[in-house]
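Each chain, written out:
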Amino acid sequence: MRHILTFITLCLAVATSVSCGGETLEEIEARAGQTAVEYYRHLQQGRYADFVAGMEGADSLPSDYRKQMEENAAMFLKQQNEAHHGIRDITLRRCSADTASKTAEVLLDIHYSDSTVELVCVPLVCRSGTWLMK
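Values in this document were obtained by computation on a predicted structure and should not be read as measured data. (Residues numbered from 1 in each chain as written. Predicted model: local features only at pLDDT ≥ 70, side-chain atom pairs only at ≥ 80, totals over all residues. Heavy atoms only, no water.)

S.K.: I would appreciate a short explanation of the sheet that holds strand E2 (residues 103–112) in the present structure.
M.R.: Whenever strands of a sheet pair, they do so through backbone hydrogen bonds, lying parallel or antiparallel. Spatial strand order, E1-E2-E3-E4: four strands in an open sheet with antiparallel pairing. Edge strands, defined here as strands with exactly one partner in the open sheet, are strand E1 (87–98) and strand E4 (130–133). The average undirected angle you get between the axes of adjacent strands in this sheet is 35 degrees. As paired strands, E1 and E2 are joined by 10 bridges and run antiparallel to one another. The residue of E2 that forms the bridge with Arg94 is Leu107. Sitting on the sheet, helix H2 (residues 25–44) touches E1, E2, strand E3 (117–127) and E4, and the angle it makes with E1 is about 150 degrees. (Pairing = 2+ DSSP bridges. Helix = DSSP H or I, 4+ residues; strand = E, 2+ residues; numbered from the N terminus. Axes fitted to C-alpha atoms, helices over the stretch in contact; angles between N-to-C directions. Contact = heavy atoms within 4.5 Å.)

Right, here's the structure in full:
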């Protein structure tokens, strides 16, 4: 029985180190958080195709639906520009990752030009080593 428990513990340790690529939890959270910031900077800069490409399943969307997603992102940014005179900056507040499910919850602060700050939660999932927005 003791050998079985030792074997299971060893397998879990190996699986965890392989799935995390040898990164610590802090490194994983930093990478996931920075990825979410970059996706939202794409949106801020009007790079709607890049923003949509950061969504899980975007590579398998029909082209007309993908175009609609990009247009929705453009409408959102236009609305924010009208309401707040644009996005001034995007900063990472906090990231919490779950290495077992390969997911992360990222909290971003969206700093608008009119001094308003909005907190946004961005759920991410890791697919083949790449963090994607859910």
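Now, onward.
S.K.: It is not clear to me how the pairing of E4 should be interpreted in this structure. Could you clarify?
M.R.: In terms of strand pairing, E3 meets E4 through four bridges, oriented antiparallel. In the strand pairing of E4, Leu124 is matched with Met133. Counting the residues between successive antiparallel strands, the hairpin from E3 to E4 contains two residues, one of them, Ser128, with a positive phi of roughly 55 degrees.

S.K.: Explain helix H4 (residues 63–84) here, please?
M.R.: Residues that lie three or four places apart on an α-helix share one face, since the helix turns once every 3.6 residues. The first and last C-alpha atoms of H4 sit 31 Å apart over 22 residues, in line with the 32 Å expected at 1.5 Å per residue. Where H4 is buried, its residues contact H2, helix H3 (48–53), E1, E2 and E3. (Expected span 1.5 Å × (residues − 1).)

S.K.: How should I be thinking about the packing of aromatic side chains in this particular structure?
M.R.: Given two aromatic rings, one states the distance between the centres and the angle between the planes to describe the pair. A complete count under the given rule lists one aromatic pair for this structure. Between Tyr40 and Phe51, the ring centres sit 5.4 Å apart and the planes meet at 85 degrees, which makes this aromatic pair edge-to-face. On the criterion of sequence distance, the pair formed by Tyr40 in helix H2 and Phe51 in helix H3 is long-range, its members being 11 residues apart. Comparing Tyr40 with Phe51, the two get one shared label, buried. (Phe/Tyr/Trp six-rings, centres within 6.5 Å; stacked < 30°, edge-to-face > 60°. Buried < 20%, exposed > 50% of the residue type's maximum accessible area, 1.4 Å probe, protein only.)

S.K.: How should I be thinking about the side chain of Asp109 in this particular structure?
M.R.: Along the chain, Asp109 turns up in strand E2. Among the polar contacts listed, one links the side chain of Asp109 to the side chain of Arg93, at a separation of 2.9 Å. The contact partners of Asp109, leaving out residues within four places of it in the chain, are Asp89, Ile90, Thr91, Arg93, Val117, Glu118 and Leu119. (Polar contact = N/O pair within 3.5 Å; in protein donor to acceptor, adjacent residues only side chain to side chain.)

S.K.: For this particular structure, what's the right way to read the nonpolar core?
M.R.: Generally speaking, a soluble globular protein has its nonpolar side chains buried in company with each other. Grouped together as the largest cluster of nonpolar side chains are 29 residues, with contacts concentrated most on Tyr40, Phe51, Leu108, Val122, Leu124 and Met133. Put simply, the parts of the chain that give this core at least two residues each are H2, H3, H4, E1, E2, E3 and E4. (Core = buried A, V, L, I, M, F, W, Y, C linked by side-chain atoms within 4.5 Å.)

S.K.: Just checking my understanding: could you explain the side chain of His42 for this structure?
M.R.: Along the polypeptide, His42 turns up in helix H2. Given the relative accessible area of 15%, His42 is considered buried. When near neighbours in sequence (up to four residues on either side) are disregarded, His42 contacts Arg47, Asp50 and Phe51.

S.K.: Help me understand the pattern of salt bridges, please; the structure alone is not making it clear to me.
M.R.: A side chain with one charge may pair with a side chain of the opposite charge, provided their charged atoms come close. According to the stated counting rule, one finds nine salt bridges in the structure shown. When the shortest N-O distance is used, the salt bridge between Glu38 and Arg41 registers 3.5 Å. Highlighted residues: Glu38 and Arg41, both in helix H2, separated by three residues, approximately one helical turn. For Arg41, a relative accessible area of 25% puts it in the partly exposed group. For Arg47, the salt bridge identified is with Asp50, shortest N-O distance 2.9 Å. Looking at Arg47, the relative accessible area reads 37%, which means it is partly exposed. Among the charged side chains, a salt-bridge network with shared partners connects Glu38, Arg41 and Asp89. (Salt bridge = Lys/Arg side-chain N within 4 Å of Asp/Glu carboxyl O.)

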